[in-house]
Amino acid sequence: MTSLHSTHRRGDDPYVKFKIAGKEVFRSKTIHKNLNPVWDERVTLLVETLRDPLYVKVFDYDFGFQDDFMGSAYLHLESLEHQRTLDVTLDLKDPQYPEQNLGSLELSVTLSPKEGDTKDATMLLGRNWKRSSKHQSMRLSDVHRKAQLWRGIVSISLIEGRGLQPMDANGFSDPYAKFRMGHQKYKSKTIPKTLNPQWREQFDFHLYEEQGGFVDITVWDKDAGKKDDFMGRCTVDLSLLSKEHTHKLDLQLEEGEGVLVLLVTLTASAAVSISDLSINMLDDPHERHQIMQRYSLWRSFHNLKDVGVVQVKVIRAEGLMAADVTGKSDPFCVVELSNDRLQTHTVYKNLNPEWNKVFTFNIKDIHSVLEVTVYDEDRDRSADFLGKVAIPLLNIQNGERKAYALKSKELTGPTKGVIFLEIDVIFNAVKAGLRTLTPIEQKYIEEEPKVSKQLLLRNFNRVRRCIMFLINTGCYINSCFEWDSPQRSICALVVFIIVVWNFEIYMIPLALLLPLAWNYILFASGKDTRQDQVVEDLLEDEDEDFDKDDKDSEKKGFMNKLYAIQDVCISVQNALDEVASYGERIKNTFNWTVPFLSWLAIVALGVATVIIYFIPLRFIVLIWGVNKFTKKLRDPYTIDNNELLDYLSRVPSDVQVVELAPSYTHSHKKYTHQ
């Protein structure tokens, strides 16, 4: 018989696995939102030999993602006395970092000789689990739903580190920091070869508990080709910090050397909600009018971070994939907007579930993508993926109920089933435009990059297309010099003389307005088919043979032998992706791929034209230089950003255009929001 109690320093939704001789013999229930879980579960395990120890592993349950390892321990059965109940305390350890203290696990164990009725008792317990699993999962969904609604925002600015411990042979380290609050995680960038790193990064966590919580921080040294070195840890107790105030914290690292400097701000908020279909604010004319007033142009400069609101009605799904051996699934739906993540209840044994739930999110960035993912709930392991749709907020047509075809996890192709959604977006255009010029919000949970021959080839082809565009443009200009076409060369010569003779600096943004205006005419008239050609080119690059090659190479263990080469390949792959993305984003700005961003460019270029026309260039450069030189003097903890790059980060690349292309099959227009 086993009863469990645990005290952990970190973790949020713990559960325990028991293994004997490499085979899992029992898994405990999951205790949600608890750092001191009490299970009080009892189970009888059949043991063939006492020579095999009982292996205990603790995990943190993350629905929809791989569960996090929290520690393990061995219980040697040979050391137990027969027919006597013993209270055993197991110290949890990580085999890769044996020095770390991961908490303890308390068990009450009784070792008894095998009797005839033991097998019957074990089977009876198994039948009880099967009969009650539905009710347990329903309670799990209820607990999960209550734990989703966050009550505030913890804004953290990681400024710098001082006097960190040298971990490399050169007397330096390559430090980065990991932050964790419950299931929320953040990883900073790596600063190479320094003991006094300057990070200057800002991110937000959601605060679920009114009385606060703890933010666990660990610092690591990045090592290529082997495990990263642990450099120290520290903790922030949010219950000690006052709200609506910025706190500067100098945190001494434990189990290491040095200090971390943070700026922490707690802000009260109520930005997300879940309700039934019969109760939602936008269907109430009075509530809708109040929300429209809140985001009207007259309130454009009030609370600039509150850009707008989006309401998502998750109606139902049809024709889902069968994930269970019974030919059915237990589907639930997860709705994500940036780092906001809400979940429906589970509909059991159904391929055509009806949820009829309404989710409400505050919009912090109008360029965010709404992701709706359908999973199959499984008590014994992580949820199975059934399908996903990704919808940019700017592409949403208010009040239309649409059936979106579910896509694969990578959004590259369709999977089985459709989901019916009705979405409304209300936002302030001025706030959205100003927010575009600030750094984009990073996602807490992102998959680790992997080497893929297919991605490498696709990114190479994207860079090649951008380079070929520049080469073709250069050839066209050179053809004017070569007089390949006399008429074209004469026109180019006349234009060149007139422009050079009358050149003023305001003509530069004015010239950039011309291709925007020309492409808008093509876009508005429906004659621009270049984007369709880009989509076709990218789809041609998708070749299933490359995926097969990657799987074969993994089976042969080739990548496992060359960790350093893998890191280099990932870096090259990501660099190609970044270069190609920025080239495509510049092109898509002028191609009206996202009309809101193109209109924003017109406004910015128009304002720049007027300013440069009326104000001499030397004064503009002088103001810019003085501002740049004195920024750190005026605010030592300022976080640098580039407004142009922040703007371009909102423009989708050609790959994103393909991934976010509409995939709904039919629609029913209920009403159109004006």
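Since the structure is predicted, the reported quantities are computational estimates derived from the model, not experimental observations.

Turning next to the overall build of the chain. The number of helices and strands found in the chain is 14 helices and 25 strands. Taking as baseline every contact in the chain between residues at least 6 positions apart, the subset at least 24 positions apart corresponds to 68%. Of the roughly 37100 Å² that the chain leaves accessible, carbon and sulfur atoms contribute 58%.

If you walk across this open sheet you meet the four strands as β3-β2-β4-β5, and the pairing is antiparallel. Lying at the two open borders of the sheet, with one neighbouring strand each, are β3 (23–27) and β5 (68–75). For this sheet, the mean angle separating the axes of adjacent strands, direction not counted, is 25°. With four bridges connecting them, strand β2 (residues 14–20) and β3 associate as antiparallel partners. Bridging from a neighbouring strand, K19 pairs with E24 of β3.

Among the seven residues in strand β7 (residues 104–110), five count as buried, and that is most of the element. In terms of strand pairing, strand β6 (residues 85–91) meets β7 through seven bridges, oriented antiparallel. Within β7, the position partnered with D87 by the bridge is S108.

Here strand β22 (residues 384–392) lies mainly inside the structure; seven of its nine residues are buried. Both strand β21 (residues 369–376) and β22 contribute to a ladder of eight bridges, which runs antiparallel. Bridging from a neighbouring strand, Y375 pairs with F385 of β22.

Before going further, it helps to spend a moment on the side chain of S28. Along the chain, S28 falls in the loop between β3 and β4 (54–60). At a separation of 2.8 Å, a polar atom in the side chain of S28 contacts the main-chain amide nitrogen of V16. Of the polar contacts made by the side chain of S28, one reaches the side chain of W39; its length is 3.4 Å.

Here we take up the side chain of D94. In this structure, D94 sits in the loop between β6 and β7. According to the relative accessible area criterion, D94 is buried, its value standing at 14%.

This part takes up the pattern of salt bridges. One pass over the structure, following the stated rule, counts 15 salt bridges. A salt bridge links R233 to E255, with the shortest nitrogen-to-oxygen separation between them at 3.4 Å. Here E255 lies in the loop between β14 (246–252) and β15 (259–268) and R233 lies in strand β13 (residues 229–237), a separation of 22 residues in the sequence. Judged by relative accessible area, E255 falls into the partly exposed class, the value being 44%. A salt bridge links D577 to R462; the shortest N-O distance between them is 2.9 Å.

Before going further, it helps to spend a moment on the sheet that holds strand β9 (residues 175–181). The four strands are arranged β10-β9-β12-β13 in an open sheet whose pairing can be described as antiparallel. Only two strands of the sheet have a single partner each, and these edge strands are β10 (184–187) and β13. Pairs of neighbouring strands in the sheet enclose a mean axial angle of 15°, with direction left out of account. With four bridges connecting them, β9 and β10 associate as antiparallel partners. Bridging from a neighbouring strand, M181 pairs with Q184 of β10.

Attention shifts here to the UniProt feature "transmembrane region" (unreviewed entry) in the chain. Look at the UniProt record and you will see "transmembrane region" (unreviewed entry) annotated at residues 490–518 and 596–624. For residues 490–518, the helix share is 83%, the strand share is 0%, and the end-to-end C-alpha distance is 23 Å. Taken end to end, residues 596–624 comprises 93% helix and 0% strand; its first and last C-alpha atoms sit 27 Å apart.

Moving on, we get to a nonpolar patch on the surface. A contiguous nonpolar patch, built from V603, V607, V610, I611, Y613, F614, I615, F619, L622 and V626 and spanning about 970 Å² of accessible area, is present on the exposed surface. At the level of secondary structure, the elements contributing two or more residues to the nonpolar patch comprise α11 (595–614) and α12 (617–634). A per-element tally of the nonpolar patch places α11 first, with six residues. Along the chain, the position of V603 falls in helix α11.

Rules and cut-offs
Residues numbered from 1 in each chain as written. Predicted model: local features only at pLDDT ≥ 70, side-chain atom pairs only at ≥ 80, totals over all residues. Heavy atoms only, no water. Helix = DSSP H or I, 4+ residues; strand = E, 2+ residues; numbered from the N terminus. Contact = heavy atoms within 4.5 Å. Areas by Shrake-Rupley, 256 points an atom, 1.4 Å probe, with all protein chains shown as cover. Pairing = 2+ DSSP bridges. Axes fitted to C-alpha atoms, helices over the stretch in contact; angles between N-to-C directions. Buried < 20%, exposed > 50% of the residue type's maximum accessible area, 1.4 Å probe, protein only. Polar contact = N/O pair within 3.5 Å; in protein donor to acceptor, adjacent residues only side chain to side chain. Salt bridge = Lys/Arg side-chain N within 4 Å of Asp/Glu carboxyl O. UniProt positions renumbered as here; feature names shortened; annotations may be inferred. Patch = residues over 30% accessible without salt bridge, like charges linked within 9 Å, V, L, I, M, F, W, Y side chains within 5 Å.

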